[in-house]
Amino acid sequence: MASLGVGIGWRSELDLTIERMGGVDFLEVVAENIRPGRLPESLRVLRARGLPVIPHGVSLGVGGAEPPSPARLAHLAACAQALDAPLVSEHLAFVRGGGIEAGHLLPVPRTRESLKVVIENVRRAQDALPVPLALENVAAVFGWPDDELTEAQFLAELVAATGVGLLIDVANLYTNQVNLGLPAVAALDTLPLEHLAYVHVAGGYEHHGIWHDTHTTTAPQAVLYLLTELCSRVTPPGVLLEWDDEYPSDAVLADELSRIRAAMVVPGQAR
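- An unreviewed UniProt entry lists the chain under the name DUF692 domain-containing protein, from Nonomuraea composti.

Dropping the structure here:
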């Protein structure tokens with residue numbers, strides 16, 4: 001996978017902040033928020049500086065029973081070409097069924113039958129894209145009752161069958177540990193990290209015992225601990241901060257990138 005460094009999710013509300021911020025090595029943009037033929041000026045400026053930009057889809061729905069939409073795949077492909085992107089990322093998620101939109105990135109039923117469907121959907125997506133695809137683990141507030149595999153096992157078998165890359169969101173691993181009791185460190189031991197494309201870090205909050213992955217605050221120390229644990233197992237090609245609302249000052253964002261860089265340093269390992 002391409003070496004990316006430390007990055008931040010580009011949002012129109014953060015365009016000037018990112019343009020003047022130092023220490024940003026790459027960007028990610030929500031693919032559904034841009035038009036390939038008319039990219040935002042800020043993205044054109046940042047691309048001209050040499051910063052890689054990864055289109056990040058949120059609506060493809062490779063976890064559904066229906067094949068991925070050719071129109072959605074064509075949009076992702078066009079985004080990748082317009083941005084000269086090194087890869088495209090999406091979510092291993094269920095987002096629609098029978099024409100009804102869920103409105104959320106829901107977990108996929110982790111059964112053998114579901115795995116067969118997802119493998120075929122991922123292969124269709126890979127065939128339609130001009131660059132490699134990486135899939136992200138999602139945050140969940142529930143699990144399906146008939147799950148046969150853990151999330152990490154499901155992802156590992158999907159990677160083995162398709163060669164798809166992994167976008168590991170350590171905040172989502174933490175979310176699923178709190179909400180579903182899925183041990184995050186054990187997941188890191190099971191995931192095929194040699195297929196890691198990059199990593200997401202984000203903040204959230206707890207409400208009545210449920211962790212909500214809101215991307216609206218600084219990452220808790222527990223999430224950064226998981227980043228350090230991941231870095232003790234593999235050198236991630238890239239680590240990216242997500243912040244989607246309630247945008248803070250430039251100084252807070254810069255400090256968050258510094259916290260991420262510090263968490264990537266594994267005690268006892270040579271730098």
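1. Remarks on the overall build of the chain
- Looking only at helices and strands, one finds nine helices and twelve strands in the chain.
- The C-alpha atoms of the chain give a radius of gyration of 18 Å, which matches the 18 Å a tight globule of 271 residues would have.
- The principal-axis extents of the C-alpha atoms in the chain amount to approximately 50 × 45 × 40 Å.
- In the chain, buried positions account for 51% of the 271 residues.
- Across the chain, contacts joining residues at least 24 apart in sequence account for 78% of those joining residues at least 6 apart.
- Surface accessibility of the chain: about 11,600 Å² in total, with carbon and sulfur atoms responsible for 52%.

2. Regarding the environment of Leu-155
- Positionally, Leu-155 belongs in helix α5 (residues 151-162).
- A C-alpha to C-alpha distance of 33 Å links Leu-155 and Leu-39, two positions 116 residues apart in sequence.
- Leu-155 has contacts with Leu-92, Asn-137, Leu-166 and Leu-191, leaving out every residue within four places of it along the chain.

3. Some words on the pairing of strand β2 (residues 26-30)
- In terms of burial, β2 is a largely internal element, five of the five residues being buried.
- Residues Phe-26, Glu-28 and Val-30 line one face of β2 and the alternating positions Leu-27 and Val-29 line the opposite face, and both faces are buried.
- Inspection of the sheet shows strand β1 (residues 5-10) paired to β2 by four bridges, in the parallel sense. Residue pairing across strands places Gly-7 opposite Phe-26, the latter belonging to β2.
- In this region the chain leaves β1, passes through helix α1 (residues 15-20) and returns to the parallel neighbour β2; the handedness of that crossover is right-handed.
- Each parallel crossover has a hand, and for β2 linked through helix α2 (residues 41-48) to strand β3 (residues 53-56) it is right-handed.

4. Quick look at the nonpolar core
- Among the nonpolar cores identified, the biggest contains 76 residues, and Leu-27, Leu-158, Val-170, Val-201 and Leu-227 are the most heavily contacted of them.
- Among all residues touching Leu-158, those that are not within four sequence positions of it are Leu-92, Leu-115, Val-118, Ile-119, Val-122, Leu-135, Gly-163 and Val-164.
- Grouped together as the second largest cluster of nonpolar side chains are nine residues, Phe-26, Ile-54, Leu-167 and Ala-197 included.

5. Examining the packing of helix α8 (residues 221-233) against helix α9 (residues 250-263)
- Following both chains from N to C, one finds α8 and α9 inclined at 40°, their axes separated by 8 Å at the closest point. Judged on the interaxial angle alone, α9 and α8 are oblique. Residues Gln-221, Leu-224, Leu-227 and Thr-228 of α8 touch α9, and the partners they reach there are Arg-259, Ile-260 and Ala-263.
- Partitioning the contact of α8 with α9 into residue classes produces four nonpolar, two polar and one charged.

6. Side note on the pattern of salt bridges
- Inspection of the entire model under this criterion finds nine salt bridges.
- One salt bridge in this structure joins Arg-233 and Glu-229, with 2.8 Å as the shortest N-O distance. Placement of the pair is Arg-233 and Glu-229 together in helix α8, with a separation of four residues, close to one helical turn.

7. Points about the environment of Thr-228
- Along the polypeptide, Thr-228 turns up in helix α8.
- Owing to a relative accessible area of 19%, Thr-228 belongs among the buried residues under this scheme.
- Leaving out residues up to four positions away in the same chain, Thr-228 has contacts with Ala-263, Val-265, Val-266 and Pro-267.

8. Some details on the pairing of strand β7 (residues 133-136)
- The side-chain alternation of β7 yields two buried faces, one formed by Leu-133 and Leu-135 and the other by Ala-134 and Glu-136.
- When strand β4 (residues 88-91) meets β7, the two strands line up parallel, connected through four bridges. Bridging across to β7, Ser-89 finds its partner in Ala-134.

9. So, the environment of Thr-217
- In this fold, Thr-217 is placed in the loop between β11 (210-212) and α8.
- Assessed through its relative accessible area of 29%, Thr-217 is described here as partly exposed.
- For the pair Thr-217 and Asp-189, spaced 28 residues apart in sequence, the C-alpha to C-alpha distance is 28 Å.
- Not counting residues within four places of it along the chain, the set of residues in contact with Thr-217 comprises Gly-203, Gly-204 and Trp-243.

10. Notes on α9
- An ideal rise of 1.5 Å per residue puts 20 Å on 14 residues; α9 measures up with 20 Å between its terminal C-alpha atoms.
- Tucked into the core, α9 has its buried residues touching β1, α1, β9 (196-201), α8 and β12 (238-241).

Parameters and conventions
- Residues numbered from 1 in each chain as written.
- Predicted model: local features only at pLDDT ≥ 70, side-chain atom pairs only at ≥ 80, totals over all residues.
- Heavy atoms only, no water.
- Helix = DSSP H or I, 4+ residues; strand = E, 2+ residues; numbered from the N terminus.
- Rg over C-alpha atoms; globule rule 2.2 N^0.38 Å.
- Buried < 20%, exposed > 50% of the residue type's maximum accessible area, 1.4 Å probe, protein only.
- Contact = heavy atoms within 4.5 Å.
- Areas by Shrake-Rupley, 256 points an atom, 1.4 Å probe, with all protein chains shown as cover.
- Pairing = 2+ DSSP bridges.
- Right-handed = clockwise from strand over helix to strand, strands pointing away.
- Core = buried A, V, L, I, M, F, W, Y, C linked by side-chain atoms within 4.5 Å.
- Axes fitted to C-alpha atoms, helices over the stretch in contact; angles between N-to-C directions.
- Parallel < 35°, antiparallel > 145°, perpendicular 65-115°, else oblique.
- Nonpolar A, V, L, I, M, F, W, Y, C, P; charged D, E, K, R; others polar.
- Salt bridge = Lys/Arg side-chain N within 4 Å of Asp/Glu carboxyl O.
- Expected span 1.5 Å × (residues − 1).

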